[in-house]
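# Breakdown of the fold
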Amino acid sequence: MIRLGYACISMATKNNPNKKTTLAQLQKLDRAGQMKKLRKILQTNFFNLMEILAYNREHAIYLYRLPSEFVPFATHPVADGWDWEKEFSWDFDKAGEYIRKHGMRVTSHPGHYSILNTPHEEVLRSTINDFDYHARVLDRMGLDIDSVMVTHVGGVYGDKQASLDRFADHFQRLPDHVKKRLVVENDDTSFGMREVLELCERLGVPMILDVHHHDCVNNGERLEEYLPRIFQTWGERTPKIHFSSPRSESDFRSHADNINVDDFLRFVEKISHGNVDIMLECKQKDLALLRLREELKEAGMEVEAPISVSS
């Protein structure tokens, strides 16, 4: 079975779990005011998360990416001393229970400023803190290790092999609860599918295949020849793939509003693995997912097995 999912924002609902503030706004407040504002934002994000989870369940969407800024300023000094895990333990428990009860898979994608292969110690410390935050959110919800955190290799820094080696070295500095959730994705400018696959095999971590990124950066590798190896990196876990369509030939790296159904059909024909989750990365988010479902049905292919939703 192939399940479809989308990232962070529902276009069909006005309330999404990505409410935030700015440092400039916080700096206008005293300490008590800052904490009040951060708590209010997180409470709103939990409320909106429960709403979007219910929306996803109603539409049989069982794959969803949580916004990185879910806990506002979680890794910033302005939030030092704020034990958001303890204060919102009831909310974490409630969200995690709902996700587990309905067989959902919630993942995360730390921001592009988190670069594990950086040669700069300060950036590395910040990256480890950010990864730790994302892992703590998933851990606190009690989610299994299918709830992964996605990262890219990072920069080339003038020497691609040295940068791959530095990623491997820095990976060993990560806490165990981060290591068990971290997966690595090929990118659209520097590190191609085969390079990332070999790195993941070296580290014993799963690889996220981004099909669009592979179309941007490759050395002529045929995906169907590599998919079994990519799926093997997942072991007993359900493999996860990213799929998007280019905006245009002239703006190929950018994501289109929707998914090109013909391209999607050509790709899924290459998949022989029994269960795969595909995250759609397109501007229209959940609306693009629902549209793709209808187009697949019109084409005579239903990639998602019907799921009975009980009350």
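Located above this text is the structure these notes cover.
What comes next concerns the included structure. (Residues numbered from 1 in each chain as written. Predicted model: local features only at pLDDT ≥ 70, side-chain atom pairs only at ≥ 80, totals over all residues. Heavy atoms only, no water.)

For helix H6 (residues 160-171), spanning 12 residues, the distance from its first C-alpha to its last is 17 Å, which sits close to the expected 16 Å at 1.5 Å a residue. Buried within H6 we find Ser163, Leu164, Arg166, Phe167, Ala168, His170 and Phe171. Looking at the packing, one finds that the buried side of H6 touches helix H5 (121-140), strand E4 (149-152), helix H7 (176-179), strand E5 (182-185) and helix H8 (193-203). The backbone nitrogen of Gln161 lies 3.3 Å from a side-chain oxygen of the residue at the head of H6, namely Asp159. (Helix = DSSP H or I, 4+ residues; strand = E, 2+ residues; numbered from the N terminus. Expected span 1.5 Å × (residues − 1). Buried < 20%, exposed > 50% of the residue type's maximum accessible area, 1.4 Å probe, protein only. Contact = heavy atoms within 4.5 Å. Polar contact = N/O pair within 3.5 Å; in protein donor to acceptor, adjacent residues only side chain to side chain.)

This next bit is on unusual backbone geometry. Note: most peptide bonds trans; most residues except glycine with negative phi. Of note in the backbone geometry, Tyr157 takes a positive phi value of approximately 55° without being a glycine. Position of Tyr157 among the secondary structure elements: in the loop between E4 and H6. The exposure class of Tyr157 is partly exposed, given its relative accessible area of 40%. Look at Lys285: it is not a glycine, yet its phi comes out positive at around 50°. Along the chain, the position of Lys285 falls in helix H12 (residues 285-298).

Within the open sheet, the 8 strands sit side by side as E3-E2-E1-E8-E7-E6-E5-E4. Their pairing is parallel. Since the sheet does not close on itself, it has two edges, and those belong to strand E3 (105-107) and E4, each with one partner. Shown here is a sheet whose adjacent strand axes are inclined to one another by a mean of 30°, direction ignored. (Pairing = 2+ DSSP bridges. Axes fitted to C-alpha atoms, helices over the stretch in contact; angles between N-to-C directions.)

Across all of its chains, the model carries 9 aromatic pairs by this definition. Consider the rings of Trp82 and Phe88, whose centres lie 6.5 Å apart with planes at 80°: the pair is edge-to-face. Note on Trp82: relative accessible area 7%, which makes it buried. By relative accessible area, Phe88 is classed as buried at 5%. Ring centres of Trp84 and Tyr133 lie 5.8 Å apart, and the angle between their planes is 80°; on these two criteria the pair is classed as edge-to-face. Of the two residues, Trp84 sits in helix H3 (residues 84-87) while Tyr133 sits in helix H5, which places them 49 residues apart along the sequence. Across this residue pair, the class does not change: Trp84 and Tyr133 are buried. An aromatic cluster is built from Phe46, Phe70, Trp82, Trp84, Phe88, Phe92 and Tyr133, whose rings are joined through pairwise contacts. The positively charged end of Lys160 is found above the aromatic ring belonging to Phe191, 5.5 Å away from the centroid. (Phe/Tyr/Trp six-rings, centres within 6.5 Å; stacked < 30°, edge-to-face > 60°. Lys NZ or Arg CZ within 6 Å of the ring centre and 35° of its normal.)

It is worth spelling out the environment of Pro206 at this point. Relative to the helices and strands, Pro206 resides in the loop between H8 and strand E6 (207-210). C-alpha separation for the pair Pro206 and Lys19, spaced 187 residues apart in sequence, amounts to 31 Å.

Moving on, we come to the nonpolar core. The nonpolar side chains of a soluble globular protein tend to be buried with one another. Formed by 86 residues in total, the largest nonpolar core has its most connected members in Met141, Leu209, Phe264, Phe267, Ile278 and Leu280. Val150, Val183, Ile208 and Trp234 belong to the second-largest nonpolar core, a separate cluster that totals 5 residues. (Core = buried A, V, L, I, M, F, W, Y, C linked by side-chain atoms within 4.5 Å.)

Turning to the pairing of E5, a few remarks are in order. Across the two faces of E5 the burial is the same, with Leu182 and Val184 and Val183 and Glu185 all buried. Relative to E5, E4 runs parallel, the two sharing 4 bridges. Among the inter-strand pairings, His152 is bridged to a residue of E5, identified as Glu185. Both E5 and E6 contribute to a ladder of 2 bridges, which runs parallel. If you follow Val184 over to E6, its bridge partner there is Met207. Following the backbone out of E5, through H8 and into the adjacent parallel E6, one traces a crossover that is right-handed. (Right-handed = clockwise from strand over helix to strand, strands pointing away.)

We now examine the packing of H6 against H8. One way to put it is that H6 packs onto H8 with a least axis distance of 11 Å and a crossing angle of 30°. In terms of crossing hand, the pair formed by H6 and H8 is right-handed. For the pair H6 and H8, contact is made by Lys160, Gln161, Leu164, Asp165, Phe167, Ala168 and Phe171 and by Glu195, Leu199, Arg202 and Leu203, respectively. The residue inventory of the contact of H6 with H8, partitioned by class, reads 6 nonpolar, 1 polar and 4 charged. (Left-handed = near helix turned anticlockwise from the far one by under 90°. Nonpolar A, V, L, I, M, F, W, Y, C, P; charged D, E, K, R; others polar.)

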